[in-house]
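The chain contents come next:
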Amino acid sequence: MREPRTLRPKPYDTLVSRFRWDLPETLNMAEQVVDGWAAIEPDRIAIIDLTDGARKSWTYGQLWDLSRRVEAALIEKGVMRGDRVGVLLSQSPLTIAAHVAAWRLGAISVPLFKLFQREALKSRIDDSGLGVVVSDDEGRAALAGMGRAVLTRADLRAPGKPSNAGVETGPDDAAVLIYTSGTTGKPKGALHGHRVLTGHLPGVEMSHDFLGERGDVLWTPADWAWIGGLFDVAMPGLALGVPVVAARLPKFTPEECRRICREGAVRNVFFPPTVLRMLKSADTRIEGLRTVASGGEPLGAEMLAWGREALGVTINEFYGQTECNMVASSCGRLFEPRPGCIGRAVPGHRVAVIGPDGDPCDGEGDVAVKRGSAAMMLEYWRKPEETQAKFRGRWMLTGDRGVLEDGFLRFVGREDDVITSSGYRIGPSEIEDCLMTHDAVATVGVVGKPDPMRTEIVKAYVVLRAGVEPSEELADELKTWVKERLASYSYPREVAFLPELPMTVSGKVIRKDLKARAVEEGEE
Ligand SMILES: Nc1ncnc2c1ncn2[C@@H]1O[C@H](COP(=O)(O)OP(=O)(O)OP(=O)(O)O)[C@@H](O)[C@H]1O
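Residues numbered from 1 in each chain as written. Predicted model: local features only at pLDDT ≥ 70, side-chain atom pairs only at ≥ 80, totals over all residues. Heavy atoms only, no water.

For the chain, an unreviewed UniProt entry supplies the name AMP-dependent synthetase/ligase and the organism Roseivivax marinus.

Quick look at the structure:
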């Protein structure tokens with residue numbers, strides 16, 4: 001039996017100093033995810049499919065067969081190397097098969113969220129210029145009138161003879177075009193090469209305390225159209241030979257989340273902070289988890305403490321972005337996390353905080369990742385100027401501000417989100433983290449509101465826990481809460497209560513909407 005390819009848990013410093021990217025000249029993710037396993041262990045379990053209410057196991061052999069059918073249908077539609085193929089599906093075996101089929105043909109897969117409304121879908125379809133979309137009946141309806149060929153399961157054909165002969169790809173050949181979340185502005189397409197999966201593996205290993213232990217089963221409620229769902233969970237799980245659960249929650253509820261974990265015998269989860277906050281709010285405990293990874297937004301000391309108490313594990317936080325993912329992470333098995341900090345650089349990644357001159361600096365600066373990581377995008381799709389602006393010398397700029405403390409990355413905030421108030425620069429995440437420690441708060445978003453005197457003031461939009469009533473007194477209490485714990489200049493001078501916060505489909509608070517709201521309020 002082929003053993004899962006895990007990073008051996010050596011001491012952190014050894015892992016970093018000995019690390020070399022192992023990128024062969026010829027590399028295709030189809031081979032890593034499905035074909036390699038199907039050839040040597042076709043009966044090994046790849047996916048535990050809970051999407052139809054029943055529990056159905058899919059082996060690598062079956063997944064290979066499905067992907068060959070998709071491939072045959074794509075060929076029939078004339079898909080060739082370099083063409084873009086949309087994948088408008090949530091978690092399912094077909095999602096994997098569609099990506100793998102496109103990769104085998106040397107085509108570029110484009111993950112698309114089922115939750116996208118018409119405009120969001122159309123803008124990405126137009127931008128990527130894709131001709132064929134693999135989807136389902138719902139997707140076909142959503143795509144009506146957009147002039148694209150749609151393939152569903154009903155269109156799949158028995159595969160002909162191996163069709164990918166002659167399509168050879170290397171690590172830097174384009175494989176997947178994945179759009180950023182659009183938290184700060186218009187989503188941009190990050191184009192990745194076949195190396196991107198290899199680039200994720202050390203980060204996935206670290207944030208899951210080394211996958212591949214007997215009984216490990218991976219799941220995330222995050223959609224597989226988001227880089228977090230697709231490349232932090234689904235693809236690496238399959239590449240490592242760890243079964244992955246596919247489930248569909250029409251609406252996320254803590255109870256449903258618990259049910260999926262139980263039915264799938266899930267041991268390893270990626271719960272973005274939003275999910276953890278919802279579980280905490282409902283006081284939902286999930287048993288049997290070996291590892292919990294979180295990322296995409298700041299986790300915060302409060303949630304780290306809750307994870308230990310309610311889930312019985314140290315939540316491993318990771319940090320990255322669509323353009324270069326999983327570059328810093330904590331790992332309970334390698335070192336004690338530092339509350340309030342994300343973690344340390346993942347082996348294979350040099351993470352630094354740099355100044356305007358492009359050199360590493362002390363104190364707060366721009367969080368940057370050195371070129372050379374396999375997880376780094378090739379470019380923004382057809383946006384040469386944006387691509388150029390993303391790099392400063394040898395560094396890729398994340399657009400985030402941070403501080404490195406003994407090698408631990410402390411996240412201050414996105415460059416655009418840092419609040420300037422009375423001459424102080426204030427990172428919203430520390431304030432959000434502090435407010436989260438108050439019992440009345442379910443979730444919170446902090447932004448700068450324009451102010452004629454102070455440039456900006458800190459404004460907190462708070463969603464209260466079920467049963468807690470908003471009041472002036474509570475607003476004052478929350479202001480004092482922060483003032484007494486952080487600093488007299490950084491407390492929220494205004495607190496507003498909202499029934500919910502604006503969220504991206506990947507579950508991130510859309511700060512630009514909160515910011516627009518604050519600007520509007522400032523003008524009133
Ligand atoms: N652990 C973390 N702590 C704090 N912030 C995080 C963490 N992980 C990710 N992030 C934030 O998420 C960003 C990456 O998000 P993603 O690539 O999904 O798109 P986006 O940046 O939200 O969208 P857009 O670029 O379109 O605004 C990071 O740059 C960082 O700001």
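Now, onward.
S.K.: Where do I start with the overall build of the chain in this structure?
M.R.: Along the backbone of the chain there are 15 helices and 26 strands. Against the globule reference of 24 Å for 524 residues, the chain gives a C-alpha radius of gyration of 23 Å, in line with a compact fold. Across its three principal directions, the C-alpha atoms of the chain cover 70 × 55 × 50 Å. Restricting the contact set of the chain to residue pairs at least 6 apart, pairs at least 24 apart contribute 67%. Counting 67 positive and 74 negative side-chain charges, the chain places the centres of these two groups 4 Å from one another. (Helix = DSSP H or I, 4+ residues; strand = E, 2+ residues; numbered from the N terminus. Rg over C-alpha atoms; globule rule 2.2 N^0.38 Å. Contact = heavy atoms within 4.5 Å. Lys, Arg positive; Asp, Glu negative; His and termini not counted. Charge placed at Lys NZ, Arg CZ, Asp CG, Glu CD.)

S.K.: What am I meant to see in the confidence of the model for the chain here?
M.R.: Close reading of the predicted structure is inappropriate where its pLDDT is low. Mean pLDDT for the chain: 92, with 96% of residues reaching 70 or above. Taken over the whole predicted complex, pTM reads 0.90, whereas the ipTM for its chain interfaces reads 0.95. (pLDDT = per-residue confidence, 0-100.)

S.K.: Before we go on, may I ask you to explain the environment of leucine 474 in this structure?
M.R.: Within the fold, leucine 474 resides in helix α14 (residues 472-485). Through-space distance from the C-alpha of leucine 474 to that of valine 495 is 9.2 Å; in sequence the pair is 21 residues apart. When neighbours within four sequence positions are excluded, leucine 474 is seen to be in contact with His438, Ala440, Leu464, Val468, Glu469 and Phe497.

S.K.: Even after reading the chapter, I still don't get helix α8 (residues 227-240), so can you show me in this structure?
M.R.: Quick reminder: α-helices carry 3.6 residues per turn. Residues three or four places apart thus point the same way. Counted residue by residue, α8 has 14 buried out of 14 residues, so it is predominantly covered. One or two steps after α8, the chain reaches glycine 241, where phi turns positive at roughly 80°. (Buried < 20%, exposed > 50% of the residue type's maximum accessible area, 1.4 Å probe, protein only.)

S.K.: Got a minute to help me understand the UniProt feature "domain: AMP-binding enzyme C-terminal" (unreviewed entry) in the chain in this structure?
M.R.: Per the UniProt record, "domain: AMP-binding enzyme C-terminal" (unreviewed entry) is found at residues 430-508. Between the C-alpha atoms that bound residues 430-508 there is a distance of 17 Å. The span itself is 27% helix and 32% strand. (UniProt positions renumbered as here; feature names shortened; annotations may be inferred.)

S.K.: What's the story with the pairing of strand β8 (residues 189-193) in this structure? I'm lost.
M.R.: Looking along a regular strand, one sees side chains alternate from face to face of the sheet. Judged by how many residues are buried, β8 sits mostly within the fold: five of five residues are covered. Burial of β8 is two-sided: the residues Gly189, Leu191 and Gly193 facing one way and the residues Ala190 and His192 facing the other way are all buried. Bridge count between strand β7 (residues 174-179) and β8: five bridges; the pairing is antiparallel. Each bridged residue has a counterpart across the sheet, and for alanine 174 the counterpart in β8 is glycine 193. Across two bridges, the pairing between β8 and strand β18 (residues 379-380) is antiparallel. Bridge pairing in β18 places leucine 191 opposite glutamate 379. (Pairing = 2+ DSSP bridges.)

S.K.: Is there a simple way to explain unusual backbone geometry in this structure?
M.R.: Peptide bonds are mostly trans, and most non-glycine residues show a negative phi. Positive phi outside glycine occurs at methionine 326, with the angle close to 55°. As for its placement among the helices and strands, methionine 326 is situated in strand β14 (residues 324-329). With a phi angle near 50°, aspartate 406 is a residue other than glycine that sits in the positive phi range.

S.K.: How do you make sense of the packing of aromatic side chains when you look at a structure like this?
M.R.: Note on aromatic pairs: each is described by the distance of the centres and the angle between the planes. Overall, the coordinates contain 10 aromatic pairs when judged by the stated rule. Ring centres of phenylalanine 113 and phenylalanine 116 lie 5.2 Å apart, and the angle between their planes is 70°; on these two criteria the pair is classed as edge-to-face. With a relative accessible area of 13%, phenylalanine 116 lands in the buried category. Centroid distance tyrosine 319 to phenylalanine 411: 6.3 Å. Interplanar angle 55°. Geometry classified as tilted. With tyrosine 319 in strand β13 (residues 316-321) and phenylalanine 411 in strand β21 (residues 408-414), the pair connects residues that are 92 residues apart, well separated along the chain. (Phe/Tyr/Trp six-rings, centres within 6.5 Å; stacked < 30°, edge-to-face > 60°.)

S.K.: What should I look at first to understand α14 in this one?
M.R.: Relative to the 20 Å expected for 14 residues at 1.5 Å per residue, α14 spans 20 Å between its end C-alpha atoms, a close match to the ideal helical length. Looking at the buried positions of α14, the neighbouring elements they touch are α13 (428-436), β24 (441-451), β25 (455-464) and β26 (494-497). (Expected span 1.5 Å × (residues − 1).)

S.K.: Mind showing me how you'd approach the environment of leucine 230 here?
M.R.: Here leucine 230 is to be found in helix α8. When the C-alpha atoms of leucine 230 and leucine 197 are compared, they prove to be 9.8 Å apart, with 33 residues separating the residues in sequence. Among residues more than four places away in sequence, those in contact with leucine 230 are His99, Pro111, Asp223, Trp224, Met235 and Pro236.

S.K.: I keep staring at the environment of tryptophan 21 and nothing clicks. Help me out?
M.R.: Assignment of secondary structure puts tryptophan 21 in the loop between α1 (12-18) and α2 (29-40). Residue class for tryptophan 21 comes out partly exposed when judged on its relative accessible area of 21%. Distance in space between the C-alpha atoms of tryptophan 21 and glycine 372 is 9.1 Å, their sequence separation being 351 residues. Setting aside residues up to four positions removed in sequence, tryptophan 21 forms contacts with Thr198, Gly199, Pro202, Pro347, Gly348, His349, Gly372, Ser373 and Ala374. Only 3.4 Å separates the side chain of tryptophan 21 from the backbone oxygen of glycine 372, close enough to count as a polar contact. (Polar contact = N/O pair within 3.5 Å; in protein donor to acceptor, adjacent residues only side chain to side chain.)

S.K.: Honestly, the packing of helix α4 (residues 93-104) against α8 in this entry has me stumped. Any pointers?
M.R.: A packed helix pair is summarised by two numbers, namely the angle formed by the two axes and the spacing between the axes. Packing of α4 against α8 leaves a shortest axis separation of 12 Å and a crossing angle of 75°. Taken as axis vectors, α4 and α8 run roughly perpendicular relative to one another. Across from Ile96, His99 and Trp103 in α4, the residues of α8 making contact are Leu230, Phe231, Ala234, Met235 and Leu238. Considering only residue class, the contact of α4 with α8 consists of seven nonpolar, one polar and no charged. (Axes fitted to C-alpha atoms, helices over the stretch in contact; angles between N-to-C directions. Parallel < 35°, antiparallel > 145°, perpendicular 65-115°, else oblique. Nonpolar A, V, L, I, M, F, W, Y, C, P; charged D, E, K, R; others polar.)

S.K.: Would you explain the pairing of strand β3 (residues 84-88) in this entry?
M.R.: Summarising burial for β3: five of the five residues are buried, a large majority. Along β3, one buried face is formed by Arg84, Gly86 and Leu88 and the opposite face, lined by Val85 and Val87, is buried too. Relative to strand β4 (residues 108-112), β3 runs parallel, the two sharing five bridges. Bridge assignment links leucine 88 to a residue of β4, and that residue is leucine 112.

S.K.: In this structure, what is going on with the nonpolar core? I would like to understand it.
M.R.: Core analysis: the largest hydrophobic core is formed by 79 residues, its most contacted members being Val33, Leu74, Ile96, Trp103, Phe231 and Leu238. Here the element with the most residues in this core is α8; it accounts for nine residues. Residues contacting isoleucine 96, with those up to four places away along its chain left out, are Val33, Val34, Ile47, Leu63, Trp224, Ala234, Met235 and Leu238. If you look at the next biggest cluster of nonpolar residues, it comprises 48 residues, including Ile260, Ile426, Val441 and Leu464. (Core = buried A, V, L, I, M, F, W, Y, C linked by side-chain atoms within 4.5 Å.)

S.K.: Just to check I follow, could you spell out the pattern of salt bridges for this structure?
M.R.: Close approach of charged atoms allows side chains of opposite charge to pair. Counted according to the given criterion, the structure contains 44 salt bridges. Across the pair glutamate 521 and lysine 459 runs a salt bridge whose closest N-O atoms are separated by 2.7 Å. One end of the pair, glutamate 521, is in helix α15 (residues 511-523); the other, lysine 459, is in strand β25, with 62 residues separating them in the sequence. Classification of lysine 459 as buried rests on a relative accessible area of 6%. The network of salt bridges with common partners includes Glu213, Asp216, Arg267, Arg290 and Arg333. (Salt bridge = Lys/Arg side-chain N within 4 Å of Asp/Glu carboxyl O.)

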